[in-house]
Amino acid sequence: MLKGRLPRSIAIVTSKPGKEFRASEEVMDVLMYFDQTVWCVKLLKGLSICTTNLTPREAEEVLKGRVFAYVNQVLIGNELCYCPALKKGCLIEVPEGDDAFCVGKAVVRIGARLKAKRGILVSVKWK
């Protein structure tokens, strides 16, 4: 990533344990056509994280309706604020009532949720 340039959205990609690399590769392949700065990496078992300069709605539109073999679910969000301490796998309730997740020192508000139904990613209403 370029220094001094923050990504517009962060995506959490879930998959079966052991298939994180393949799942992140699939998401990167699709997003790469629209944003060449996309970057994905394995985070935990069954969990990968991706950053992109697309907005959450743009990323949702790009991924929706695509066929994936290894991706179970994708949560896309904007950076909300910074945490003072590193928290692993925390789920934070933000004042507006929307859900958010903590990645490193940044809290990300979930803007879009996609779930695999028979291998095809479809949008799921998020509260």
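Residues numbered from 1 in each chain as written. Predicted model: local features only at pLDDT ≥ 70, side-chain atom pairs only at ≥ 80, totals over all residues. Heavy atoms only, no water.

Asks: What's the story with the confidence of the model for the protein in this structure? I'm lost.
Replies: Should the pLDDT be low somewhere, the predicted coordinates at that spot are not to be read in detail. Averaged over every residue, the pLDDT of the protein is 76; the share at 70 or more is 69%. The least confident element of the protein, judged by mean pLDDT, is strand S5 (residues 91-93) at 50; the most confident is helix H1 (residues 20-31) at 89. Per-residue pLDDT stays below 50 along residues 84-89; that stretch engages in 4 contacts with residues further than four places along the chain or on separate chains. (pLDDT = per-residue confidence, 0-100. Helix = DSSP H or I, 4+ residues; strand = E, 2+ residues; numbered from the N terminus. Contact = heavy atoms within 4.5 Å.)

Asks: Looking at this model, I keep getting lost on the pairing of strand S3 (residues 47-52). Mind explaining?
Replies: Here is the key point about a regular strand: its side chains alternate between the two faces of the sheet. For S3, the buried fraction is high: 5 of the 6 residues fall into the buried class. For strand S1 (residues 9-15) and S3, the ladder comprises 6 bridges, and the chain directions are antiparallel. Following the sheet pairing, Ile12 is matched in S3 by Ile49. Two strands pair when backbone bridges link them, and strand S2 (residues 39-44) and S3 are joined in this way by 5 bridges, in the antiparallel orientation. Residue pairing for S3: Lys42 is matched across the bridge by Ser48. (Buried < 20%, exposed > 50% of the residue type's maximum accessible area, 1.4 Å probe, protein only. Pairing = 2+ DSSP bridges.)

Asks: Can you walk me through the state of the cysteines in this structure?
Replies: Simply put, the disulfide is a covalent bond whose two ends are the sulfur atoms of two cysteines. By the definition in use, this model includes 1 disulfide. Disulfide partner of Cys40: Cys50, at an S-S distance of 2.1 Å. Looking down the S-S bond of the Cys40 and Cys50 bridge, the torsion is 110 degrees, so its handedness is right-handed. In this pair, Cys40 sits in strand S2 while Cys50 sits in strand S3, placing the two residues 10 residues apart along the sequence. Like Cys50, Cys40 is buried. (Disulfide = S-S within 2.5 Å.)

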